[in-house]
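One letter stands for each residue in the lines below.
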Amino acid sequence: MSEVAEQIIAGLKPHLIEDATINGTIKVDMGEAGTIYFDGRDAPANITASDEPADATMVCSAETFTGIMKGEVDGIRAVMTGKLAVKGNMVLAGKLGNLFAKS
């Protein structure tokens, strides 16, 4: 397991909305920084450092993913500039933020 992925997961878990679902799974592949797996089929969502098959896979750097989750990086712009690639269900990937409370 990647220490970077574990740190990101630890930072995200306190912000999970207890009753939110997205009816699917999303994997974030951050290369050497590790993988984060979101299972949003049940509430609360489960976040792990697993590398399992998912309905949508986001491929980006840890910095890009952290920026997206903090609202500092626009996900659409990241796709358009090549900093983020989405494989599989792109609509589901866009719903990832629905699992978290807005700060």
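Residues numbered from 1 in each chain as written. Predicted model: local features only at pLDDT ≥ 70, side-chain atom pairs only at ≥ 80, totals over all residues. Heavy atoms only, no water.

### Notes on the environment of E52
Right, on to step 1. Positionally, E52 belongs in the loop between β3 (46-48) and β4 (56-60).
Right, on to step 2. For the pair formed by E52 and I26, sequence separation is 26 residues and the distance between their alpha carbons is 9.4 Å.
Right, on to step 3. Setting aside chain neighbours within four positions, we find E52 in contact with K27 and Y37. (Helix = DSSP H or I, 4+ residues; strand = E, 2+ residues; numbered from the N terminus. Contact = heavy atoms within 4.5 Å.)

### Considerations on helix α1 (residues 3-12)
Right, on to step 1. Among the residues of α1, A5, I8, I9 and L12 are the ones counted as buried. Considered in projection along α1, the buried side chains sweep an arc of 100 degrees and stay on one side of the axis. Seen from the buried face of α1, the exposed residues on the opposite side, beyond 90 degrees, are E3, Q7 and A10.
Right, on to step 2. Elements in contact with the buried residues of α1: β2 (35-39), β3 and α2 (62-70).
Right, on to step 3. For α1, the N-terminal cap is S2; the gap from its side-chain oxygen to the backbone nitrogen of V4 is 3.1 Å. (Buried < 20%, exposed > 50% of the residue type's maximum accessible area, 1.4 Å probe, protein only. Arc of directions from axis to C-beta. Polar contact = N/O pair within 3.5 Å; in protein donor to acceptor, adjacent residues only side chain to side chain.)

### Some thoughts on the sheet that holds β4
Right, on to step 1. A sheet is described by the order of its strands in space; here five strands give the open sequence β3-β2-β1-β4-β5, paired in mixed fashion. The sheet terminates laterally at β3 and β5 (84-88), the two strands that pair on one side only. Averaged over neighbouring strand pairs, the angle between their axes works out to 15 degrees when direction is ignored.
Right, on to step 2. As paired strands, strand β1 (residues 25-29) and β4 are joined by four bridges and run parallel to one another. Counted as the bridge partner of I26 is A56 from β4.
Right, on to step 3. Set on the sheet, α1 makes contact with β2 and β3; between it and β2 the angle comes to about 35 degrees.
Right, on to step 4. The strands touched by α2 are β1, β2, β4 and β5; relative to β4, the strand with the most contacts, the crossing angle is about 115 degrees. (Pairing = 2+ DSSP bridges. Axes fitted to C-alpha atoms, helices over the stretch in contact; angles between N-to-C directions.)

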